[in-house]
Amino acid sequence: QVQLVESGGGLVQAGGSLRLSCAASGTFFRINSMGWYRQAPGKQRELVAAITLGGSTNYADSVTGRFTISRDNAKNTVNLQMNSLKPDDTAVYYCNAVVKLGPLSGSMDYWGKGTLVTVSS
């Protein structure tokens, strides 16, 4: 019912920048929060940044001051601008959306398939 498609991953040198984008499509009532998670090899998936419908943001300590999350509610998109990238930022980045399918329904989590970000030293 809800599809999330990420784009913008790739290979970048340390200190460089990348911009990730995610577009949501399908049939739903409202997208509450949207966010980005990442999973590095051998590690658990972790929150990178999230943004509410009203625009409040939350960042992992490790990316605060370097990454910026934004969303366009009209287009159902969320972006992650990543600056001053470090090798430790290397991971698969997943888009997440918390979605209400109907006005009286609860919220459900949806995930994209992920996009690989590799930061070389």
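Just above sits the structure.
Treat the numbers as computed from the prediction; the structure is a model and nothing was measured. (Residues numbered from 1 in each chain as written. Predicted model: local features only at pLDDT ≥ 70, side-chain atom pairs only at ≥ 80, totals over all residues. Heavy atoms only, no water.)

Draft legend 1. Fine view of the pattern of salt bridges. Evaluation of the coordinates by the stated rule reveals three salt bridges. Its salt-bridge partner being arginine 38, residue glutamate 46 comes within 2.8 Å of it at the nearest N-O pair. The exposure class of glutamate 46 is partly exposed, given its relative accessible area of 36%. Exposure remark for arginine 38: the relative accessible area of 7% places this residue in the buried category. For the salt bridge of arginine 66 with aspartate 89, the shortest nitrogen-to-oxygen distance reads 2.8 Å. With a gap of 23 residues between them, arginine 66 in the loop between β6 (57–59) and β7 (67–72) and aspartate 89 in the loop between β8 (77–82) and β9 (91–100) connect regions that are remote in the sequence. Like aspartate 89, arginine 66 is buried. Beyond isolated ion pairs, a larger network of salt bridges with shared partners links Arg38, Glu46, Arg66 and Asp89. (Salt bridge = Lys/Arg side-chain N within 4 Å of Asp/Glu carboxyl O. Buried < 20%, exposed > 50% of the residue type's maximum accessible area, 1.4 Å probe, protein only. Helix = DSSP H or I, 4+ residues; strand = E, 2+ residues; numbered from the N terminus.)

Draft legend 2. View of the pairing of strand β4 (residues 30–39). With eight bridges connecting them, β4 and β9 associate as antiparallel partners. Bridging across to β9, arginine 38 finds its partner in tyrosine 93. As paired strands, β4 and strand β5 (residues 46–51) are joined by five bridges and run antiparallel to one another. Residue pairing for β5: arginine 38 is matched across the bridge by glutamate 46. The antiparallel hairpin formed by β4 and β5 contains six residues in its connecting segment, where glycine 42 sits at a positive phi of about 75°. (Pairing = 2+ DSSP bridges.)

Draft legend 3. Summary view of the sheet that holds strand β1 (residues 2–7). Overall, antiparallel pairing links the four strands, which are arranged β1-β3-β8-β7 in an open sheet. At either end of the open sheet lies a strand with only one pairing partner, and these are β1 and β7. Neighbour to neighbour, the strand axes of the sheet diverge by 15° on average, direction disregarded. Across six bridges, the pairing between strand β3 (residues 18–26) and β8 is antiparallel. (Axes fitted to C-alpha atoms, helices over the stretch in contact; angles between N-to-C directions.)

Draft legend 4. Expanded view of the packing of aromatic side chains. For the structure on display, the rule yields one aromatic pair. The side chain of arginine 45 reaches across the aromatic face of tyrosine 94, ending 3.7 Å from its centre. The ring centre of tryptophan 111 lies 4.7 Å from the NZ or CZ of arginine 45, which sits over that ring. (Phe/Tyr/Trp six-rings, centres within 6.5 Å; stacked < 30°, edge-to-face > 60°. Lys NZ or Arg CZ within 6 Å of the ring centre and 35° of its normal.)

Draft legend 5. Quick look at the state of the cysteines. The tally for this structure, following the rule as stated, stands at one disulfide. In this model, cysteine 22 is linked to cysteine 95 through a disulfide, with the two sulfur atoms separated by 2.1 Å. Where cysteine 22 bonds to cysteine 95 through sulfur, the torsion about that S-S bond is close to -85°, and the disulfide is left-handed. Residue cysteine 22 is located in strand β3, and its partner cysteine 95 is located in strand β9; the two are separated by 73 residues in the primary sequence. (Disulfide = S-S within 2.5 Å.)

Read these as layout, nothing more, since geometry by itself doesn't imply function.
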